[in-house]
Amino acid sequence: MRYGPPARRTAPAATPRTTGYWRRLLPVLALLVLVTRIPSFRHLLWSPDEGYLAVQARILADGGELYETVVDRKPPLLPWLYETAFALFGDESLYAMKALAALAHLLTAVLLAAVARDRWGDRAGRIAGVLHPLLATGLNPEDTQAATFEVFILPFTVAAMWCAGRGRPGAAGLAVAGALLTKQTGGAVLVPVLWLLRHSAAHSARSGAGAGTAGRAGLPRLAAGLVLPVLGAALLTDPAGFLFWTVTGSAAYATFTGSELHVLFRGLANTALLCLACAGLPASLVRARRGTADLWVWLAASAVAVVAGFHFFGHYFLQLVPPLVLLATAALRPLHPERVASALLTSGCVCVLFLTWGLLAPRPELAHAQRLADSVRALTAPADRILVWGIHPETYWLADRTPASRYLTAGLLTNYSGGRDGPGVGEKYGVTGAWPVFTAELRDRPPALIVDDSRGKPFAPDRLPTLRALLARHYEPLPATVDGAVFYVRSPGSARQETDALYGRPPGG
């Protein structure tokens, strides 16, 4: 049994049919992507991740440093892309990033079509290209329509497989690096890339052609293409901070403790949604065996990436879509055109359901963040620094106020994330070393306003001794609240107390 894609056929002389293939297919794919991305333009924001990235981009544009003056557990590529988009098109909206997300999906569809065409011919390329935008809508719109990490992972992962299949290990390494620098789990595509290169080399050796590039120079070229961009990104930021925030500093986050049933239900629900998106395909998928071992390895590696961290957010599942598309294409291509059309029509009808969901679903958390932002603007001056104690950093961006801390959410300081609570949330579960830095930031440059947006969640200030003491000593609550969020302003005597402490005077002296 041969693993990986078949050897490429010698390209025939150009004909009107072959030269017009992409000219006919590209407009169809562009139209499909545009239609399936319409809901993304309905709301200003779809997820807190977009808000986090927008705030990061503003801080970086003002001279901030990634992993120093603003931090996150993610690699730098997408924050840099947001920063660039803001520099070119302004930072008042995310429409530029929404357009780039649509472009990422289009590029993914084109690359999938190219992979399928290399393996199985023109018809398979068209099937794969059309399937991608249909299946990529098959989750909660909050997960599929947001311009966040997994969307930008997809073209890199497919490019890595396409390059590996064509015997270009150096380019494949660059594509793996792009995925890895977008989000750590993007590096999972390295497993099927290695599988492809290994079995391509073995096939070449058996055929008498020798191990070839994939055997003799493939691994060094792959390693160079992968390692050099990652090292470059580390040097452009801070090597120690890059290593800590992307690798070593997330041990508490990636555990299976706290709200296990809640997290498992989320995983099952998102699995069910993706299965619904594939409603026309499951019977065909089980027949996709011959010559698709590398695709099954890709699907398995992507599934491990989805499981990593035991959070099971819906956008994690987007990584499964490209291998699913190619496996479905492998199963559909030998069928009668009417059966293929029926499968695609079924996928299209299910896609319409998800698009309707995206167009009609309310966004109560976005409305809440906008109300908070309105109140923050009314209570502060443009130059004031504020602290929003919650998990919705988009409030900073909507209010156009500077964060008082490099930690943009309470999650980094308490390990709260996505409903996970219980014994794994609290000061001692935050990122190592974060609380001393946090308290120093608030002491050196006290925020003019603190917004407690915990609303009874496990990271509420009354459960955190350090924050509770800070509020009690230097701040007082305002009588008015917004949806349960409490606003704290500086106490009248707080500035005098800090001055006395600075010069060593006794209180009131």
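Structure: see above.
Residues numbered from 1 in each chain as written. Predicted model: local features only at pLDDT ≥ 70, side-chain atom pairs only at ≥ 80, totals over all residues. Heavy atoms only, no water.

**Structural notes on the packing of helix α2 (residues 21-36) against helix α5 (residues 95-120)**
It is at 10 Å that the axes of α2 and α5 come closest, and there the two elements cross at 140°. When the interaxial angle is binned, α2 and α5 end up oblique. Crossing angle aside, the handedness with which α2 passes α5 is right-handed. Touching Tyr21, Trp22, Leu25, Leu26, Leu29, Ala30 and Val33 of α2 are Ala102, His105, Leu106, Ala109, Val110, Ala113, Ala114 and Arg117, all from α5. Within the contact of α2 with α5, the residues separate by chemical class into 13 nonpolar, one polar and one charged. (Axes fitted to C-alpha atoms, helices over the stretch in contact; angles between N-to-C directions. Helix = DSSP H or I, 4+ residues; strand = E, 2+ residues; numbered from the N terminus. Parallel < 35°, antiparallel > 145°, perpendicular 65-115°, else oblique. Left-handed = near helix turned anticlockwise from the far one by under 90°. Contact = heavy atoms within 4.5 Å. Nonpolar A, V, L, I, M, F, W, Y, C, P; charged D, E, K, R; others polar.)

**Considering unusual backbone geometry**
The backbone of Tyr67 sits at a positive phi, close to 70°, despite the residue not being glycine. Take Tyr67: it is sitting in the loop between α3 (48-61) and α4 (77-89). Under the relative-accessibility criterion, Tyr67 is labelled buried at 4%. Positioned with a positive phi, Arg455 is a non-glycine residue whose angle comes to about 50°. Checked against the element boundaries, Arg455 lands in the loop between β3 (449-452) and α23 (465-474). Its relative accessible area of 27% is what places Arg455 among the partly exposed residues. (Buried < 20%, exposed > 50% of the residue type's maximum accessible area, 1.4 Å probe, protein only.)

**What to know about α5**
Spanning 26 residues, α5 covers 37 Å between terminal C-alpha atoms, matching the ideal 38 Å at 1.5 Å per step. For α5, a buried count of 20 out of 26 residues is recorded, marking the element as mostly surrounded by other parts of the structure. In the segment just after α5, Gly121 is the residue with positive phi, at about 110°. (Expected span 1.5 Å × (residues − 1).)

**Some remarks on the sheet that holds β3**
Two pairing modes exist for strands in a sheet, parallel and antiparallel, and in both the strands are linked by backbone hydrogen bonds. Read across the sheet, five strands follow the order β2-β1-β3-β5-β4 without closing on themselves; strand pairing throughout is mixed. In this open sheet, the two edge strands, each paired with only one partner strand, are β2 (402-403) and β4 (475-482). When strand β1 (residues 385-389) meets β2, the two strands line up parallel, connected through two bridges. Each bridged residue has a counterpart across the sheet, and for Ile386 the counterpart in β2 is Pro403. (Pairing = 2+ DSSP bridges.)

**So, empty space enclosed by the protein**
All told, the structure shown has two cavities of 30 Å³ or more when counted by the stated rule. For the second largest cavity, the calculated volume is near 50 Å³. Lining the second largest cavity are Val33, Thr36, Arg37, His105, Pro133, Ala136, Thr137, Thr144 and Gln145. In terms of residue class, the lining of the second largest cavity is made up of three nonpolar, five polar and one charged. (1 Å grid on protein atoms, 1.4 Å probe; cavity = no way out; pocket = protein on both sides within 12 Å on 5 of 7 lines; lining within 4 Å. Points joined across faces, edges and corners; volume = space filled by probe spheres on them.)

Any functional reading would require information that these geometric values do not contain.
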